[in-house]
Structure formats: structure tokens, C-alpha cells
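Chain by chain, the residues run as shown.
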Amino acid sequence: MDEEYDVIVLGTGLTECILSGLLSVDGKKVLHMDRNDYYGGESASLNLTQLYNKIRPGQEVPKDLGRDRDWNIDLIPKFMMANGEIVRFLTHTDVTRYLEFKQISGSYVYRGGKIAKVPSNEMEALSSPLMGIFEKRRMKKFLEWVQAWDDNNPATHNGLNIGTDTMTTVYKKFGLDSGTQDFIGHAMALHLDDNYLQQPARDTVEKIRLYAASVLRYGKSPYIYPLYGLGDLPQAFARLSAVYGGTYMLDKAVSELVYDENGQVSGVKAGDDVVKAKKVICDPSYAPGKVRKIGSVVRAICFLTHPIPNTGDIDSVQIVIPQNQVGRKHDVYVACVSNAHMVCPKDFYLAIVSTIVETDNPEQEIESGLKLLGPIHDKFVTVSPLEEPLEDGTKDQVFISKSYDATSHFETVCDDVHDLWKRITGEPLVLKKRNPEEETA
């Protein structure tokens, strides 16, 4: 292979596929390779046979689970905020034409041993079982303040400055108790831990506004999800890349990265071939010597034959279990989808419970989530490393994405895409609306 590419992308996880699509649209010559014979890498959706081969090799798939092709099981479950950054990526690149979406029916939070719907506006705050009558009024006032905030109108500030005052100061001002703070910070603003309490309030206020605006878009919950599972997302961006001249090679093992005398990457070795490139983008598994492990994520993929109890028999739900409610340092996430989303046969439900590992007994750590599911037909537990690059890639031109975290939404993935784009191109990522007339295919 004598051809030289601007960029070689290794791995077809969502982060890598978004970047290859955006770089192809930007006029770069892109080659995309993956050792697997399916799209999605760590963020793939697998049928039953693929799931068993990956997690229970050699074991036969039980007949009672139905047809192989009726299952699209996400290895890493994540929902999309209806007004979130991932939706902007999809709409600005016109990738939505390759996908269909369905709403997630509920957004719940765990408090005091029970689950309840997350109040997303002032009216829901007043009827929420999560709070007593006086706390409801305080919560209503807080949400009204968040919605009304206008930087240019001091009358909306209530004596606070969200650029400098911390969230602790804001909560104190409204007199909100610690349980209410838990679900605001973790189930609405979707913070991963309590560090946000000591940071300026602006980020949290914006996240709560995003949550509320996303609920308003479709009602019921702020989340949407692609039919046939998340594995269709990387594929949609791969199609975008192909339209703009990107080349794809699946089932292609890459043995090593090749460097020039200055220590900069010059290509990759695949079999006997060396393919030349000026830059390489990859997930951590393709550059093991260039990443550090910062933790692990435990996930349990559970097959259910009923909806999750106490959710009103809805077909899909996200449940956040804030860390403080179960004496942990990290939240536990529960995501459930069903036949309504074309991911399993009728009468089955797919629930996935995940968290960051804190002890040497990972499965025990998701017990609080598993208990909410009722009887479990079968479960597959995996523990994956959480890895991040040691360097930013500007020196050797190898740009490595982060592992997918335990969160059940895409906001952290989008942050990584923005960060990588800036390191690769030196410019911030500005999403420009594509003109469909530009298309060549």
C-alpha cells in the first residue's frame, strides 16, 4: 500500500467514528480500520451469538431467548439527551437520515430506598413524592430561578453570581436539603461525583437547563435512543465518512504503530503491509503503552421478562442511584430498553446496571441497581478498564480517546470528541450544517 492518508483511525467505537466522519467532511483523506468484523468496538450492539461468543465462549445460546436477529444488545448502554451535544453532532452532519429514534419513557432517581420520577419543572416539583411540602416549595423556587437566570438582567440573579458562587452556596441560599441536592446534582445535572459542589454554579445551572429543555422537547423524559441499538450510531458516522471518500476496513488486525526517526507516527502495520499516515486516532486498546488505567467499570447486562417494578410498567427508563444514597463515591446507573426499541423480542426487556468499581467485589457494588429490577431471567457481568492517554498526542501525532465511563448518557463522550478535535486540528470544533447537495453518493 503506497498510498498515504492524512489520518488513519483505529477502532470503530462511537468517538472514533464521529471523528472520522467529521474529518472526512473537512476534506481529509481518512482510512478507518478495526480488528473486529462488526462496527462499534466497545460501543457495539451485538446479537445473541456475538454476545455469547464474547462473554460466554463455547456456551450454547438457550432456545427460549428466540431468534438471534431480534436481539441488539448494547455493550455500553447510553441514552441521548434530546437537546444534548450528541444530537447536535447528528443533526449538523445530517446523519439523522440513517437513524430512527424513540423516546425513553421515564427518568427516575433513587432516594430513601425507593425510586421516583425526577421532577423536571416547577409543576412536577410540587407533586413529587421525593420531597415534603416545604421542600417542594423551595425546589419550585430553585427551578424557577434556574430557568429565569439571565446574565444581563441582575433582577434574575437573586443576589447570586453563578460565575463565582459555588453550588453549595446556591443550595444554601434556597435552603435545599442534602437529598434534594443529590437528585438535582446527579439525576438532572448528571454530575459523576460531588466535586461539583465546590465549583462555580454556572456549569450546573446550564446542565439543569439542558435537562429541562430536553424534557420539554418530547415530554416524559429528556432522553432518546436509536431503534436497533447504539451500534447503529457508529455505523451512521461511518456512512458519512464513506460519502466523503473515507475508506473502511473491518476484520483487519493492526500489529503495531510505525514511527519515523523524529518519533512521530508515520503509519500502521497490518499483516505484511505498512499503511502510511500523518496522524493516527485510536481507542486505548490499540496503544496499550500510551495509556494509563484510572479505574474500572462494572456492567451487568440483564434479560428481564417484565418491565422494571415501580415505574408504571413503562417500556424504557433511566434510573440514577446517587452515590450518597448507597454510601458510595460514585453513582450507580440503570438503563432499560425493550422491544419498543427493536433491541429484543416481544415480552423481553434489556436492563443494564453500571458503576465505577471501588472495591475488589465489583458485582456486589451494583447490587442496589440489580435489586430494583425484580426477577432476572439471565445476567452477564463484565468489568472493563477505564483508560486515558498519557499525553495529548501533539508530539507523536497519535491521538487516543478515553474509555467509555459508567454514565448512561453521551455528554462525556461528546466532551472527549471536542477535546480530541482541538488536539488534532489545533482549532475548536465548530459544527457547521452540511449542505446535502454537496453529496457525491
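Placed above this text is the structure.
Residues numbered from 1 in each chain as written. Predicted model: local features only at pLDDT ≥ 70, side-chain atom pairs only at ≥ 80, totals over all residues. Heavy atoms only, no water.

Trainee: Describe the layout of surface pockets, naming the residues involved and giving the relevant values.
Mentor: Approximately 560 Å³ is the volume found for the largest pocket. For the lining of the largest pocket, the secondary-structure elements that each account for two or more residues are β18 (378-389) and α12 (411-425). At five residues, α12 tops the list of elements feeding residues into the lining of the largest pocket. For the lining of the largest pocket, the residue count by class is eight nonpolar, five polar and 10 charged. Computed from the structure, the second largest pocket encloses a volume of approximately 490 Å³. Only α8 (202-218) and α12 provide two or more residues apiece to the lining of the second largest pocket. (1 Å grid on protein atoms, 1.4 Å probe; cavity = no way out; pocket = protein on both sides within 12 Å on 5 of 7 lines; lining within 4 Å. Points joined across faces, edges and corners; volume = space filled by probe spheres on them. Helix = DSSP H or I, 4+ residues; strand = E, 2+ residues; numbered from the N terminus. Nonpolar A, V, L, I, M, F, W, Y, C, P; charged D, E, K, R; others polar.)

Trainee: Could you give an account of the sheet that holds β18, with specific residues and numbers?
Mentor: Read across the sheet, seven strands follow the order β8-β7-β15-β16-β17-β14-β18 without closing on themselves; strand pairing throughout is mixed. Of all the strands in the sheet, the pair left with one neighbour each is β8 (114-117) and β18. Neighbour to neighbour, the strand axes of the sheet diverge by 20° on average, direction disregarded. One ladder, built from eight bridges, connects strand β14 (residues 291-304) with strand β17 (residues 349-356); its direction is antiparallel. Looking at the pairing, V297 lines up with I356 of β17. On the sheet, helix α7 (residues 178-188) packs against β7 (106-111) and β15 (317-321) and is oriented at approximately 140° with respect to β7. (Pairing = 2+ DSSP bridges. Axes fitted to C-alpha atoms, helices over the stretch in contact; angles between N-to-C directions. Contact = heavy atoms within 4.5 Å.)

Trainee: Can you explain the packing of helix α1 (residues 14-25) against α12? Please cite residues and give values.
Mentor: Taken N-terminus to C-terminus, the directions of α1 and α12 make an angle of 45°; their axes are 10 Å apart at the nearest point. Comparing the axis directions of α1 and α12 gives the class oblique. In the crossing of α1 with α12, the sense of the turn from one axis to the other is right-handed. Mapping the contact onto sequence places L14, T15, I18, L19, L22 and L23 in α1 and V413, D416, V417, L420, W421, I424 and T425 in α12. Looking at side-chain class alone, the contact of α1 with α12 contains 10 nonpolar, two polar and one charged residues. (Parallel < 35°, antiparallel > 145°, perpendicular 65-115°, else oblique. Left-handed = near helix turned anticlockwise from the far one by under 90°.)

Trainee: Quick one: what's the story with the nonpolar core, residue by residue and with numbers?
Mentor: One finds I86, M139, F142, W145 and F303 to be the most contacted residues of the largest nonpolar core, which totals 100 residues. In contact with W145, other than residues within four places in its own chain, are T156, H157, N158, L160, I162, V170, F174 and V205. In terms of nonpolar packing, the next biggest core, distinct from the first, is built from 21 residues, V298, V317, V332 and V334 among them. (Core = buried A, V, L, I, M, F, W, Y, C linked by side-chain atoms within 4.5 Å. Buried < 20%, exposed > 50% of the residue type's maximum accessible area, 1.4 Å probe, protein only.)

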